[in-house]
Amino acid sequence: MRHRSIGGIVCAGVLAFALGCGGGGEEQEAGMGDAPAMPDTTAAAVWAHLQSSNYQSWTLWPGKARLYAGGDPHGMLLTTYVNGPALQAINARSGVMPAGAFIVKENYMPDSTLAAVTVMYKSPGYNAEHNDWFWVKRNADGTVAAEGRVEGCQNCHGGNRANDYILTAAIIQ
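Each chain has its residues counted from 1, following the order in which its sequence is written. In view of the model being predicted, local features appear only for residues whose pLDDT reaches at least 70, and side-chain atom pairs are presented and counted only at 80 or more, with totals across whole chains, interfaces and linings using the full set of residues. Hydrogens and water molecules were not included; the side-chain quantities draw on all heavy atoms of the structure.

A. Main features of the overall build of the protein. Secondary structure is summarised from DSSP: a helix means a run of H or I of at least four residues, a strand means a run of E of at least two, and numbering begins at the N terminus for each. In terms of regular secondary structure, the protein is built from 5 helices and 7 strands. In sequence order, the secondary structure elements of the protein are arranged as α-α-α-β-β-β-α-β-β-β-β-α. Going through the 173 residues of the protein one by one, you find that 39% of them count as buried. Contacts are assigned to residue pairs that have any heavy atoms within 4.5 Å of one another. Contacts in the protein between residues at least 24 apart in sequence constitute 48% of all its contacts with a sequence separation of at least 6. For every residue, the accessible area obtained with a 1.4 Å probe (protein chains only) is divided by the maximum for its type, and the residue is called buried under 20%, exposed over 50%, and partly exposed between those limits.

Here it is, written out as structure tokens:
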């Protein structure tokens, strides 16, 4: 009897581990397995997704370090993170980001104080006129300064439509 109860505990533990790891948030974000679940196009849903995905553990934009030189309107210092689908598109120089791609830019003041976090999220069917980008600017205090079809973001980044609205670096061949 005692042997069976230990076996049952081990079996239950293995099952719990498999179920807990099988959902794959981190694994999916890294571009392995199925496509990541995509949040709704609201600042709250996007921020919740970024927090649950631990975006600060994502890869930095290739060739960019933490706190690289920036400028208006983002900040004098920037740190840019990309999720798995975005990283794959960058590395493949595909010219377009896939559905579910995230680019998260932390915007810092010259003294390295966080000023805001700006997000580009590719949501299929959201805004075809502007390559389906959903934009968020979240201030350091957590308030949302802008979200959605942000005219300033669309206008500025729209000048680089051939590079899928991305200004950080070329993703085209």
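B. Structural context of the pairing of strand β7 (residues 144–148). Whether two strands pair depends on DSSP finding at least two bridges between them. Relative to β7, strand β6 (residues 133–139) is paired through 4 bridges, and the arrangement is antiparallel. Bridging across to β7, Lys-137 finds its partner in Ala-146. Where β6 folds back onto β7 in an antiparallel hairpin, the turn is made up of 4 residues, including Gly-142, whose phi is positive at roughly 95°.

C. Structural detail: the packing of aromatic side chains. Any two of the Phe, Tyr and Trp rings considered here, Trp counted by its six-membered ring, make a pair once their centres fall within 6.5 Å; the pair's planes then place it as stacked at under 30 degrees, edge-to-face at over 60, or tilted in between. With the rule as written, the count across this model stands at 8 aromatic pairs. Aromatic pair Tyr-55 and Tyr-81: ring centres 5.4 Å apart, planes at 80°, arrangement edge-to-face. Residue Tyr-55 is located in the loop between α3 (43–52) and β1 (59–60), and its partner Tyr-81 is located in strand β3 (residues 75–82); the two are separated by 26 residues in the primary sequence. Taken as a pair, Tyr-55 and Tyr-81 share a single burial class, namely buried. For the pair Trp-58 and Phe-102, a centre-to-centre distance of 6.0 Å together with 55° between the ring planes defines the contact as tilted. Separated by 44 residues along the polypeptide, Trp-58 in the loop between α3 and β1 and Phe-102 in strand β4 (residues 102–108) bring together distant segments of the chain. Each residue in the set Trp-47, Tyr-55, Trp-58, Tyr-81, Phe-102, Tyr-121, Tyr-126 and Phe-134 is aromatic and connected to the rest through ring pairs, giving one cluster. Put simply, a charge is over a ring when the Lys NZ or the Arg CZ is close to the ring centre, within 6 Å, and near the line of the ring normal, within 35 degrees. The lysine or arginine in question, Arg-149, covers the ring of Tyr-126, its NZ or CZ lying 4.2 Å from the ring centre.

D. Just the pairing of β4, in detail. Along β4, 7 of the 7 residues are buried, which leaves the element largely enclosed by surrounding structure. Burial along β4 is two-sided: the residues Phe-102, Val-104, Glu-106 and Tyr-108 and Ile-103, Lys-105 and Asn-107 are all buried. Sheet topology note: the β3/β4 ladder contains 6 bridges and is antiparallel. Of the residues in β4, the one forming a bridge with Val-82 is Ile-103.

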